Amino acid sequence: MQNFIFKNLAEQFSRMANVYFLIISVLTSLPLSPKDPFSLIGTFIFVLTLSAVKEAYEDVQRHKSDEEANMQKCKVIVDGKEVEKIWRNVEVGDIMKVKKDDPIPADMIILSTTDTEHGLCFIDTCNIDGETNLKTMNAMEVSKHIKDEGDLGKLTFDIECELPNPSLYTFSGSVDTNLSESAVSVSVNNVLLRGCVLRQTKTVYGAVIFTGHDTKLYKNASTAPFKVSYLMKMMNRCLLLVFSFQAIICATNTFFAKRFSESDVGKNQVYASNPYFLANDPDFNFNSKLELGIGFEIETWLTFVVAYSNLIPISLYVALELVKLFQVVLINNDKEMYHEDTDTPTNARTSNLVEELGQVKFIFSDKTGTLTCNVMEFACCSISGIKYHTVKTFDSSGSTFLDTNKFKDLGGEANFAQSLFWKLLSVCHTVLAEYPEGEEPDLNKVKYQAASPDEAALVSAAKEMGYGFLKGTPVLYQIKNAYSGEIEQWEILMVIEFNSTRKRMSVVCKSPEGKTLLLCKGADNIIMDRLKEGGEHLSPLGDTNEHLGEFAEIGLRTLCLAYKELGEEEFKDFNEKWYKASLSIDNKDELQDALAEKVENDLILVGATAIEDKLQDGVPEAIETLADAGIKLWVLTGDKQETAINIGFSCRLLVHDMNIHILSGASTVTELKQHIMEIMMKDLKDGESEETKHAIVVDGATLTLALNEEVKSQFLEFGLLCDVCICCRVSPKQKAEVVKLVKDMVVSPPVITLAIGDGANDVSMIQAAHIGIGISGQEGMQAVRASDFSIAQFRFLVRLLLVHGGWAYKRVSKFILFYFYKNMMNVFTEYFFAFQTSFSGQILFADWLSIGYNAAYSSFGCIFGFCLDQDVSATTVLRNPRLYEFSMFGMGFDMYKFFGWMMLAFWHAAICYFLPMHFMNDAKADDGIMMGHWFHGTTSFIALIIVVHLKLGVMVYSWNYLVYAGIGVSLLLFFITFMMLCTYWMSTGTLAWQEEMLGMSTLLFTNSKFWLCIFITSFSAIVPDIFMKYIQSNYSPFPHNIYHEIEMGYNENGYTKPAKKGNANITPG
């Protein structure tokens, strides 16, 4: 509890406004303060307490969740016996016993499983990476045979491994046990991580290596980078301006107070003609104010700082958070952004950036799983220079339909190239074959669990062609050959796994014929670079390259297949080096990658595959709408150039009358820079029609050069001049670098960037952008967990930005401006009064009225008036995407608008001060006594309250029950508290909160001049505003002004009837 209090206070006072109010609270408790200390200090403590209670509640919930997890029970083996422990007490070195469907309590190395032959177990990693497919893990070879708990109790081991880190997919270590003479290497496939769940395996035993905060799950639980919206940064600048303005007017008043103190009136304490000058008090003397002994000027300046402390609204952050919270609720509950097929709603994971959704200028999108469904279907292939299609919709000139009958016609098993092609697909993978529990393996009932949809599609295609992957272990794959009727045994000697850097995977295996083969599949450019030069290939290079181009042109994802035969000595030497590299702790991956690079060379090309990944519903329409809204879309994909271009046309990102510039083939930075400048001078700046659209297509190698310091500014300028940019063959790191290039270098005017993706390779890009959007797709939940907002389909992005983003921006902008306006209006009224008090520091409004004004009397109407304000309906926005430009270009909030609102506050304050002073100057009570300063001040305050709410009514477009309730509650609270302050009990009785207010309500409400004054003041203040709004909306309207009038039923022929308001959505074409 003590720790929480100090941490919470430290966090709260990291805000500039809270530090300011702490200083003001201290000043109000000093003799120089013109205000009652309790009024401000009490309110400040209330605001701090409210925030602390919210944080405490969230902290308690987290504590309960942690306690629930830490108090779970688990089993450990101690001296050969099973002992029960709670998770909190698990220690490094414990031997854990985990049963089927139990969660893993700590990171541990697998010692043995109930599958003592192969040491296999199956785990569900959904809680870690969101992937629902089961993964196969292996026990260490030296201990996988142990099944007796007594033997485990006798086991001794010494583990040397990497330090705790967040990498989920790598692990380096070695274990020295009493079961072997030398240490054995441990890889990520031998480790179970905390958060995984054991499936389809009765029992697993493991040695704990990391617990608690050292586990990889916890290391990945770090929060995403804290992001602050551009609008909030602007607001903070406005706060600094207000601070400066306050300091200046306080200094000005101090100057005049000093001049007055040195004048004859000040020195002689003459009453003069000023009824509010404190010299009326015979005990008053200017020098008597020097109670702190810090000088007249400093004390007077501090007095005015306290008097004008309402310039900074104490409740601004709390009220603003409420408005943003309303936007989050609206986003999360929008049924138009709910995906019924997957039962996935849109989720706003933060309220900090809701208004930023309305200012997006650049979208950086992944392709696979973001624009496409990431549901793969084997479509075409190229074998022996012949093009085949397995899906009839891809029938094209020169292509042959391939099925099992055609395969037999081609020679079947006797055709070495054909049979090797399909056997390679059925062996070179890490797929898990899953069957209904308790049933024997049957290819008719198999379900392939794969790390990626591509692998599952390739293995399924091999099964359809007669080479079905039946089941596998780490050392043996069984392939059912439909032509021979036999079950072939392929011994797996080594798996060199795929990663985003290698872009390929290989399997070293022993074929049924006893040959040692390296089977490899990967990206076509990667495989082509590793083929045997001058050698004969099973598929001619020229024909295969031609087919790859044709596949890419119709938007298919391509891979190449290759193999080589390894000699016995060659494999033995490679295996020994691989084993030594696996024992390295610090650079295991680098050493193994270097070895793989050497062995994966001089390959023989077997053929190529092409997989279809269909576009998501509504993607073309969504991209078209976003482009109409003025948003630029950059696609960052790992696909080859032709595939990316074709997908670009399919989703309407590219159009046929667009000038497409391809950046490829440059070998140096100088060459690339020259090429970019030539294109810019020739096509973009030499009189070409402004209506011509341009697009850039750049490959990964060229992009590496383009991001170099010497040329990146030219590349960025080129990209900004174009409407579309497609980057091909990019790595995850390059994705983030492209986003940062635009985010960091385009600063005048600044642009808001948004990154959207669905996989782990998109996380760096999502976190680098101003706004990160994660799509709940086929590649797990890593992108969603790193994002600020999550959606189920790309098409929902249109509604999220154009509708909710546009609304949120306008609501938050108007709220901030209005909040500053109402507080400045309050202080300006006090400022005018200073001239009548000869700058003595006397305040105009009673303390509790000023505090109530900020906290309640003007806040509820402001919050509820703007939190749901809606100038145009969603239907209108989606039909007219250019309405988004108002928020995208920040036309609702800038420094000019802020200064304009300051001047409006000055004008309204002048009316609310001088008119009541003029009207009520000679007002008398029933007993003939002249009304005093508090009478005038309260009249001005009531006029202030009414004008603020009238101005609110002029600004609000959408009147609903919340608006009426907010305004009603504010006015009702004012009336009730005002009447209470005027009672004997609260003014001079038991509480004595505001003795100046005794009987004030009776004096005011029974005076006819008061009512006339309130009417004339309110009328004089608001009529010019209404007139100016009429002029603006009729002679210089924004587009949303016009569409608002159309919705309200106004047109050239006058008023008809309001248009129907309804929800709209982008529907698939």
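Once a new chain begins, its residue numbering starts again from 1 and follows that chain's sequence as written. This being a predicted model, a pLDDT of at least 70 is required before a residue's local features are given, and a value of 80 or more before pairs of side-chain atoms are given or counted; all residues contribute to the totals for chains, interfaces and linings. Side-chain metrics in this entry use all non-hydrogen atoms of the structure; hydrogen atoms and water are not considered.

For the chain, the name recorded in an unreviewed UniProt entry is Phospholipid-transporting ATPase, with Triparma strigata as its organism. In its Catalytic activity (unreviewed entry) section, the UniProt record describing the chain reads: "ATP + H2O + phospholipidSide 1 = ADP + phosphate + phospholipidSide 2." UniProt positions are given in the numbering used here, feature names are shortened, and annotations may be inferred rather than shown by experiment.

Caption draft 1: Local environment of the overall build of the chain. Summing up its helical and strand segments, the chain has 37 helices and 35 strands in all. Within the span of the chain, comprising 1069 residues, buried residues form 54% of the whole. Contacts were defined at the residue level, with two residues in contact if any of their heavy atoms lie within 4.5 Å. Contacts spanning at least 24 positions in sequence make up 72% of the contacts within the chain whose residues lie at least 6 apart. Helix numbers and strand numbers start at the N terminus; a helix is a DSSP run of H or I with at least 4 residues, a strand a run of E with at least 2. For every residue, the accessible area obtained with a 1.4 Å probe (protein chains only) is divided by the maximum for its type, and the residue is called buried under 20%, exposed over 50%, and partly exposed between those limits.

Caption draft 2: Geometry of a negative patch on the surface. A patch consists of residues whose relative accessible area exceeds 30% and which take part in no salt bridge; residues with like charges are grouped when within 9 Å of each other, and nonpolar side chains (Val, Leu, Ile, Met, Phe, Trp, Tyr) when within 5 Å. Values of accessible area rely on a 1.4 Å probe in the Shrake-Rupley scheme; residue burial ignores everything except the protein chains shown. We define a salt bridge as a side-chain nitrogen of Lys or Arg found within 4 Å of a carboxyl oxygen belonging to Asp or Glu. Asp and Glu are treated as the negative residues and Lys and Arg as the positive ones, with His and the ends of the chain left uncounted. Just so you know, the charge point we use is NZ for Lys, CZ for Arg, CG for Asp and CD for Glu. Taken together, the side chains of Asp158, Glu160, Asp176 and Asp586 make up a negatively charged region of the molecular surface. Relative to the helices and strands, aspartate 586 resides in the loop between helix H16 (568–582) and helix H17 (588–599). A residue is classified by how much of its surface remains accessible, and aspartate 586, at 75% relative accessible area, is exposed.

Caption draft 3: Up close: the pairing of strand E26 (residues 604–615). Of all twelve residues making up E26, nine are buried, and the element is well covered by its neighbours. Sheet analysis places strand E15 (residues 372–383) next to E26, joined by eight bridges and oriented antiparallel. Looking at the pairing, isoleucine 383 lines up with glycine 607 of E26. Note: strand E25 (residues 557–565) against E26, seven bridges, orientation antiparallel. When the bridges of E26 are listed, cysteine 560 appears paired with alanine 608. Being paired, for any two strands, means DSSP has found at least two bridges between them.

Caption draft 4: Inspection of the packing of helix H27 (residues 847–857) against helix H33 (residues 961–981) at higher detail. For every element, the axis is a line fit to its C-alpha atoms; helices are fit only across the contacting stretch, and the angle between N-to-C directions ranges from 0 to 180 degrees. For the pair H27 and H33, the least separation of the axes is 10 Å and the interaxial angle reads 160°. Between H27 and H33, the angle falls in the class roughly antiparallel. Our pair here, H27 against H33, has a crossing hand that is right-handed. The residues of H33 that touch H27, namely those facing Trp848, Leu849, Ala856 and Tyr857, are Ser970, Leu973, Phe974, Thr977, Phe978 and Leu981. Among the residues forming the contact of H27 with H33, the class breakdown is eight nonpolar, two polar and no charged. Any angle that falls under 35 degrees is termed roughly parallel, while one over 145 is termed roughly antiparallel, one within 65 to 115 roughly perpendicular, and all others oblique. Working rule for handedness: look at the near helix, and if it is turned counterclockwise from the far one by less than a right angle, call the crossing left-handed; if clockwise, right-handed. Under the convention adopted here, Pro, Cys and the residues Ala, Val, Leu, Ile, Met, Phe, Trp and Tyr are nonpolar, Asp, Glu, Lys and Arg are charged, and Gly plus all remaining residues are polar.

Caption draft 5: Region of the structure containing the sheet that holds strand E5 (residues 120–124). As summarised here, the arrangement of the three strands in space is E6-E5-E11, forming an open sheet in which the pairing is antiparallel. Either end of the sheet is taken by a strand with one partner, and the two such strands are strand E6 (135–138) and strand E11 (197–199). The average angle at which neighbouring strand axes cross in this sheet is 45°, direction not considered. Sheet analysis places E5 next to E6, joined by four bridges and oriented antiparallel. Bridging across to E6, leucine 120 finds its partner in asparagine 138.

Caption draft 6: Up close: the packing of aromatic side chains. Stacked, tilted and edge-to-face pairs are distinguished by plane angle, under 30 degrees for stacked and over 60 for edge-to-face with tilted covering the rest, among Phe, Tyr and Trp rings (Trp via its six-membered ring) whose centres lie within 6.5 Å. Overall, the coordinates contain 45 aromatic pairs when judged by the stated rule. An angle of 80° between the planes, with centres 4.9 Å apart, marks the rings of phenylalanine 421 and tryptophan 422 as edge-to-face. Each of the two residues, phenylalanine 421 as well as tryptophan 422, counts as buried. Each residue in the set Phe245, Phe304, Tyr308, Phe828, Tyr831, Phe832, Phe833, Phe835, Phe906, Tyr913 and Phe914 is aromatic and connected to the rest through ring pairs, giving one cluster. Each ring is checked for a lysine NZ or an arginine CZ that lies within 6 Å of its centre and within 35 degrees of its normal; such an atom marks a charge sitting over the ring. Positioned over the ring face of tyrosine 819 is lysine 822, at 4.0 Å from the centre of the ring. Its guanidinium or amino end placed over the ring of tyrosine 957, lysine 1029 lies 5.2 Å from that ring's centre, counting from NZ or CZ.

Caption draft 7: Inspection of the sheet that holds strand E10 (residues 191–192) at higher detail. One open sheet accounts for six strands, arranged E2-E1-E3-E12-E4-E10; its pairing is antiparallel. This sheet does not close on itself; its edge strands, each paired only once, are strand E2 (81–86) and E10.

Caption draft 8: Examining the nonpolar core more closely. What we call a nonpolar core is a set of buried Ala, Val, Leu, Ile, Met, Phe, Trp, Tyr and Cys residues that are connected through their side-chain atoms within 4.5 Å. Of all hydrophobic cores here, the largest spans 104 residues; its most connected members are Tyr308, Phe815, Ile816, Phe818, Phe820, Met824 and Met825. Looking at this core element by element, the count peaks at 17 residues for helix H26 (residues 796–836). Setting aside its immediate chain neighbours within four residues, methionine 825 contacts Ala905, His908, Ala909, Cys912, Leu944, Val947 and Val948.

Caption draft 9: Seen up close, the state of the cysteines. To count as a disulfide, a pair of cysteine sulfur atoms needs to be within 2.5 Å. Summed over all chains, the structure comprises zero disulfides. Of the cysteine sulfurs around cysteine 520, a residue in no disulfide, the closest is that of cysteine 428, at 6.5 Å. Judged by relative accessible area, which is 0%, cysteine 520 ranks as buried. No disulfide involves cysteine 725; its nearest neighbouring cysteine sulfur is the one of cysteine 727, lying 3.8 Å away. Taking relative accessible area as the criterion, cysteine 725 reaches 0% and is therefore assigned buried.

Caption draft 10: Broad picture of the side chain of threonine 702. Inspection of the secondary structure puts threonine 702 in helix H21 (residues 700–706). By relative accessible area, threonine 702 is classed as buried at 1%. Looking at threonine 702, its side chain comes within polar contact range of the side chain of aspartate 699, at 2.7 Å. Look past the residues within four positions of threonine 702 in its chain and what remains in contact with it is Leu663, Ser664, Gly665, Ala666 and Leu672. Within 3.5 Å is the distance limit for a polar contact, defined as a pair of N or O atoms, with the added protein rule that one can donate a hydrogen and the other accept it, and that residues adjacent in sequence qualify only through two side-chain atoms.

Caption draft 11: Fine view of unusual backbone geometry. Even without being a glycine, aspartate 602 presents a positive backbone phi close to 55°. Within the secondary structure, aspartate 602 sits in the loop between H17 and E26. When its relative accessible area of 47% is taken as the criterion, aspartate 602 is described as partly exposed. Unlike most non-glycine residues, arginine 729 shows phi in positive territory, near 55°. Its location among the elements puts arginine 729 in the loop between strand E30 (724–727) and helix H23 (732–745). Looking at arginine 729, the relative accessible area reads 14%, which means it is buried.

Caption draft 12: Representation of a nonpolar patch on the surface. The grouping of Leu972, Phe975, Ile976 and Met980 at the surface amounts to a nonpolar patch, some 360 Å² of accessible area in total. Here isoleucine 976 shows up in helix H33. Relative accessible area serves as the criterion here: at 40%, isoleucine 976 is assigned to the partly exposed category.

Caption draft 13: Spatial organisation of H16. Given the number of residues in a helix, its expected span is that number minus one, multiplied by 1.5 Å. If you check H16, its first and last C-alpha atoms are 21 Å apart, about what 15 residues at 1.5 Å a residue would give, namely 21 Å. Burial in H16 covers these residues: Phe571, Phe574, Trp578, Ala581 and Ser582. All buried residues of H16 project into a common sector of 95° when viewed along the axis, lining one side. Along H16, the residues that are exposed and aim more than 90 degrees away from the buried face are Glu568, Glu569 and Lys580. As used here, the arc is the angular range of directions from the helix axis to the C-beta atoms.

Caption draft 14: Focus on the packing of helix H7 (residues 230–262) against helix H10 (residues 316–332). Running from amino to carboxyl end, H7 crosses H10 at an angle of 160°, the nearest separation of the two axes being 14 Å. On the basis of their axis angle, the class for H7 and H10 is roughly antiparallel. Crossing angle aside, the handedness with which H7 passes H10 is right-handed. Contacts between H7 and H10 involve Met232, Met235, Asn236 and Leu239 from the former and Leu316, Tyr317, Leu320 and Lys324 from the latter.

Caption draft 15: Focus on the confidence of the model for the chain. A residue's pLDDT is simply how confident the predictor is in it, with values from 0 to 100. Mean pLDDT over the chain: 83, with 89% of residues reaching 70 or higher. Across residues 269–290, where pLDDT falls below 50, the model places 46 contacts with residues more than four positions away in sequence or in other chains. This stretch, residues 1061–1069, has a pLDDT under 50; its non-local contacts, to residues over four places away or in other chains, come to 27 contacts.

Caption draft 16: Spatial organisation of the pattern of salt bridges. Across all of its chains, the model carries 35 salt bridges by this definition. For glutamate 82, the salt bridge identified is with lysine 97, shortest N-O distance 2.7 Å. Pair noted here: glutamate 82 is in strand E2 and lysine 97 is in strand E3 (residues 95–99), with a separation of 15 residues, a long-range link. Since its relative accessible area comes to 13%, lysine 97 is described here as buried. Ionic pairing is found between lysine 577 and aspartate 573, a salt bridge with its closest N-O pair at 3.4 Å. Of this pair, lysine 577 and aspartate 573 both sit in helix H16, separated by four residues, roughly a single helical turn. Relative accessible area serves as the criterion here: at 37%, aspartate 573 is assigned to the partly exposed category.

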